[in-house]
Amino acid sequence: MFLIQMGSLSSSTKKTDRQATLIRLLQDSEPISISDLSQASGLSQSTLRRELHQLVEEGLIKVNVGQVTLAASAEEMPYAFRKMVNFELKRKIARASLDLIQNGETIFIAGGTTTLELARLLPGQRRLTVITNTLRVANLLVDIPGIDLVVLGGAMRPGEQTMHGHLTEWGVHQFRADKLFYGTEAISLQHGITHSQLVEVGTDRALANAATQVIVLADHTKFGKVAPAFVFSLDRVDILISDGDLPDEIVQSLKSNNIQIILA
C-alpha cells in the first residue's frame, strides 16, 4: 500500500479527485479496510464513508464487513475519473506533442485521456488528416476547418467510447499514417506497453503497425506498471513524451532502446 497526499492533487477538494484517488488506491491494494483506506487517502472516516457510499451506488466498488474492493466493472479506472488525474501533466504532454505534427500529415489518434487533450489542442493548428477509433476525439474535430476526419467503425466500448474488434482492425488496414499518438495506462522497461482490456489489444497493434512513427504519451505515474494484456514492446516505440518527474534512470534506459525522449 502507498500513501497519496490529497493536497498534491490539483483541486483536491473536488469530489471527483477524491473518488479517483480512492479507485487508484484500490487498484493497487485490494481488499483494503476502511481504516487503512482512510489513512492512505488522507480522508477523514466521515468523508471517506460518504465517498464510498456514492461509489457503491455507482457500482464501482463493494464494501463487505469493513473491507473495500473494486467491482468487476471498475478494473480499469472509469474515464470520468481518469481524465481528472494528473490533468495538468496530460495537458503539458499534449502541448509538447503538437510540435511533432507537420502540416499536411496523416495521423492516428488512439483512445485515452492524454490523446484527447491533444485532439482538443489541434483546432486551428494546421491542415491534417486525422484517423481515430474514439468518438470523443471525433466529436471534438468533426466540424473543424482544415481537418479531414476519418472515424473507424466497429464494436464500441461503453464509457470509453472507443471502437475495437475485427471491423475496426479491417478499417485500420486501409490506411497508412505518418504518426500514431498513443496513450497508455501501463509501461514497463521489461514488459513494454500493456493494457487492462484484452479487447483493445488487436486494434492498438493494428494502429501501431499502420503508422510510420509510434509516439507514446505517458506521464511518469504510468511507468513501472504492468497490465494483463501485452500490446507491443518498447522497440516499436519511436518517441515517448512524458513529464519532468520521470526518473533519470528510466530516461536513460529508454534512450538505450533508441527511443527519443521528450519531457514536457
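The shown structure was predicted, so the numbers you read here are calculated from the model rather than taken from an experiment.

Basis of the calculations
Residues numbered from 1 in each chain as written. Predicted model: local features only at pLDDT ≥ 70, side-chain atom pairs only at ≥ 80, totals over all residues. Heavy atoms only, no water. Pairing = 2+ DSSP bridges. Helix = DSSP H or I, 4+ residues; strand = E, 2+ residues; numbered from the N terminus. Phe/Tyr/Trp six-rings, centres within 6.5 Å; stacked < 30°, edge-to-face > 60°. Buried < 20%, exposed > 50% of the residue type's maximum accessible area, 1.4 Å probe, protein only. pLDDT = per-residue confidence, 0-100. Contact = heavy atoms within 4.5 Å. Axes fitted to C-alpha atoms, helices over the stretch in contact; angles between N-to-C directions.

For the rest of this paragraph, the subject is the sheet that holds strand β2 (residues 61–64). Strand order in the open sheet made by the three strands is β1-β3-β2, with antiparallel pairing throughout. Strands at the two margins of the open sheet, each flanked by one partner only, are β1 (32–33) and β2. Here four bridges tie β2 to strand β3 (residues 67–70), and the two strands are oriented antiparallel to one another. Residue pairing in the sheet places Lys62 in a bridge with Thr69 of β3.

So, on to the packing of aromatic side chains. What the rule picks out here adds up to one aromatic pair. An angle of 55° between the planes, with centres 5.4 Å apart, marks the rings of Tyr182 and Phe232 as tilted. With Tyr182 in strand β9 (residues 177–183) and Phe232 in strand β13 (residues 229–232), this residue pair connects regions lying 50 residues apart in the sequence. Residue classification places Phe232 among the buried positions, given a relative accessible area of 6%.

Phi at Gln161 is positive, roughly 60°, even though this residue is not glycine. Tracing the sequence through the fold places Gln161 in the loop between β7 (155–157) and β8 (162–164). Residue class for Gln161 comes out partly exposed when judged on its relative accessible area of 26%. The phi torsion at Asn258 lies on the positive side, around 65°, for a residue other than glycine. Structurally, Asn258 can be placed in the loop between α10 (248–256) and β15 (260–263).

Mean pLDDT for the protein chain: 86, with 88% of residues reaching 70 or above. The model gives residues 1–13 a pLDDT under 50, and that stretch makes 28 contacts with residues more than four places away or in other chains.

Let's shift gears to the sheet that holds strand β14 (residues 239–242). Spatially, β6-β5-β4-β9-β12-β14-β15 is the arrangement adopted by the seven strands of the open sheet, whose pairing is parallel. Where the open sheet ends on each side, the last strands, each with one partner, are β6 (147–151) and β15. Neighbouring strand axes in the sheet, compared pairwise and without regard to direction, differ in orientation by 20° on average. Helix-sheet contacts for helix α6 (residues 113–121) involve β4 (106–109), β9 and β12 (211–217), and the interaxial angle to β9 is about 130°.

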